[in-house]
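One-letter residues, chain by chain:
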Amino acid sequence: MRADAQDNYERVLRVAADTFAREGTGASLKAIAREAGVGIGTVYRRFPTREALVEAVYRQEVDQLCAAATDLARSQPGAQGLRSWMELFVDFMATKRGLGETLRSVLTSEDERQQTRDQLRTAIATLLAAQPDRGGDRIRPHVDPNDVLMALGGITLIAAEEQRRALASRLIDLLLTGVVDAEDAGPGSS
């Protein structure tokens, strides 16, 4: 893809993500094109259907969320990095509520859903393995990334309503209590 075409593609995805989060998937594709600074034909050439655009937005955001795990594992190893990523995950899921029906029709196969779960589990495994050299809370050995993902899924259901975001953070703290190595945790640890 030419550099200008790549820029247009990324701009359309960024604008579409913001618009879908704000207005849902029924938002005007013409308005998305206009805000991205491209013609509607450019949008349809890259994304022949609304569902194709929704799926591309979703896939890109899952990729970004998973990439954040690697960055956090380097910059905030141990429980601190895991907690930061869990907060990102809850926020990510909250913005995807408006995509629900369309995503269900787009991600129709179990293989597609499994691919996303595998990506998320790998991101969590990266964070669980990243232990601080000194200081900071260490993660207990043998924590199952799938268990953490399932617990986070439950937390995101509770946080679905915006006024419950604070509750989600408190539940993340409780989850971390089970993940942090109790022998390593000192006073004031999460």
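Residues numbered from 1 in each chain as written. Predicted model: local features only at pLDDT ≥ 70, side-chain atom pairs only at ≥ 80, totals over all residues. Heavy atoms only, no water.

Visitor: Mind showing me how you'd approach the environment of Ala33 here?
Guide: Looking at the element boundaries, Ala33 is found in helix α2 (residues 29-36). Once the C-alpha coordinates of Ala33 and Val12 are considered, the two residues, 21 residues apart in sequence, prove to be 6.7 Å apart. Look past the residues within four positions of Ala33 in its chain and what remains in contact with it is Val38, Gly39, Ile40 and Val43. (Helix = DSSP H or I, 4+ residues; strand = E, 2+ residues; numbered from the N terminus. Contact = heavy atoms within 4.5 Å.)

Visitor: Looking at this structure, I do not really get the packing of helix α5 (residues 79-95) against helix α9 (residues 165-179). What am I missing?
Guide: A pair of packed helices is characterised by two quantities: the angle between their axes and the separation of those axes. Remark: α5 packs on α9, axes separated minimally by 10 Å, with the N-to-C direction vectors making an angle of 145 degrees. For the pair α5 and α9, the crossing hand works out as right-handed. Along the contact surface, α5 presents Ala79, Leu82, Arg83, Met86, Glu87, Val90 and Asp91, while α9 presents Arg165, Ala168, Ser169, Ile172, Asp173, Leu175, Leu176 and Val179. A per-class count over the contact of α5 with α9 returns nine nonpolar, one polar and five charged. (Axes fitted to C-alpha atoms, helices over the stretch in contact; angles between N-to-C directions. Left-handed = near helix turned anticlockwise from the far one by under 90°. Nonpolar A, V, L, I, M, F, W, Y, C, P; charged D, E, K, R; others polar.)

Visitor: Is there a simple way to explain the pattern of salt bridges in this structure?
Guide: Opposite charge on two side chains permits pairing when their charged atoms draw close. For the coordinates displayed, the defined rule picks out nine salt bridges. Arg74 serves as the salt-bridge partner of Asp71, at 3.5 Å between the closest nitrogen and oxygen. Here Arg74 and Asp71 lie together in helix α4 (residues 50-75), a separation of three residues that amounts to about one turn. Owing to a relative accessible area of 63%, Arg74 belongs among the exposed residues under this scheme. If you follow the salt bridges from partner to partner, you end up with Arg83, Glu87, Asp91, Arg165 and Asp173 in one network. (Salt bridge = Lys/Arg side-chain N within 4 Å of Asp/Glu carboxyl O. Buried < 20%, exposed > 50% of the residue type's maximum accessible area, 1.4 Å probe, protein only.)

Visitor: How should helix α8 (residues 145-158) be read in this particular structure?
Guide: Side chains of residues three or four places apart in an α-helix project in the same direction, reflecting 3.6 residues per turn. Compared with an ideal rise of 1.5 Å per residue, which puts 14 residues at 20 Å, α8 spans 20 Å between its outermost C-alpha atoms and is within 8% of the ideal. For α8, every residue scored as buried is listed here: Pro145, Val148, Leu149, Leu152, Ile155 and Thr156. Buried positions in α8, seen along its axis, are confined to an arc of 120 degrees and lie on one side of it. On its buried side, α8 packs onto α5, α7 (110-129) and α9. The opening residue of α8, the one whose side-chain oxygen lies 2.8 Å from the backbone nitrogen of Asn146, is Asp144. (Expected span 1.5 Å × (residues − 1). Arc of directions from axis to C-beta. Polar contact = N/O pair within 3.5 Å; in protein donor to acceptor, adjacent residues only side chain to side chain.)

Visitor: Which parts of the structure should I look at to understand the packing of α4 against α7?
Guide: For the pair α4 and α7, interaxial distance at closest approach is 8 Å and the crossing angle is 15 degrees. Taken together, the axis directions place α4 and α7 in an arrangement best described as roughly parallel. Crossing angle aside, the handedness with which α4 passes α7 is left-handed. Residues Glu55, Tyr58, Arg59, Val62, Asp63, Leu65, Cys66, Ala69, Thr70, Leu72 and Ala73 of α4 form the contact with α7, whose own contacting residues are Glu112, Gln115, Thr116, Gln119, Leu120, Ala123, Thr126 and Leu127. (Parallel < 35°, antiparallel > 145°, perpendicular 65-115°, else oblique.)

Visitor: Teacher, can you tell me more about α2 here?
Guide: Residues of α2 that are buried: Leu29, Ile32, Ala33 and Ala36. Projected onto a plane normal to the axis of α2, the buried residues spread over an arc of 100 degrees and lie on a single side. Exposed side of α2, more than 90 degrees from the buried face: Lys30 and Arg34 are the residues found there. The inward-facing, buried residues of α2 abut α1 (3-23), α3 (40-46) and α4. Between the side-chain oxygen at the start of α2 and the backbone nitrogen of Lys30 there is a gap of 3.3 Å, and the oxygen is on Ser28. Phi turns positive, to about 80 degrees, at Gly37, one or two residues after α2.

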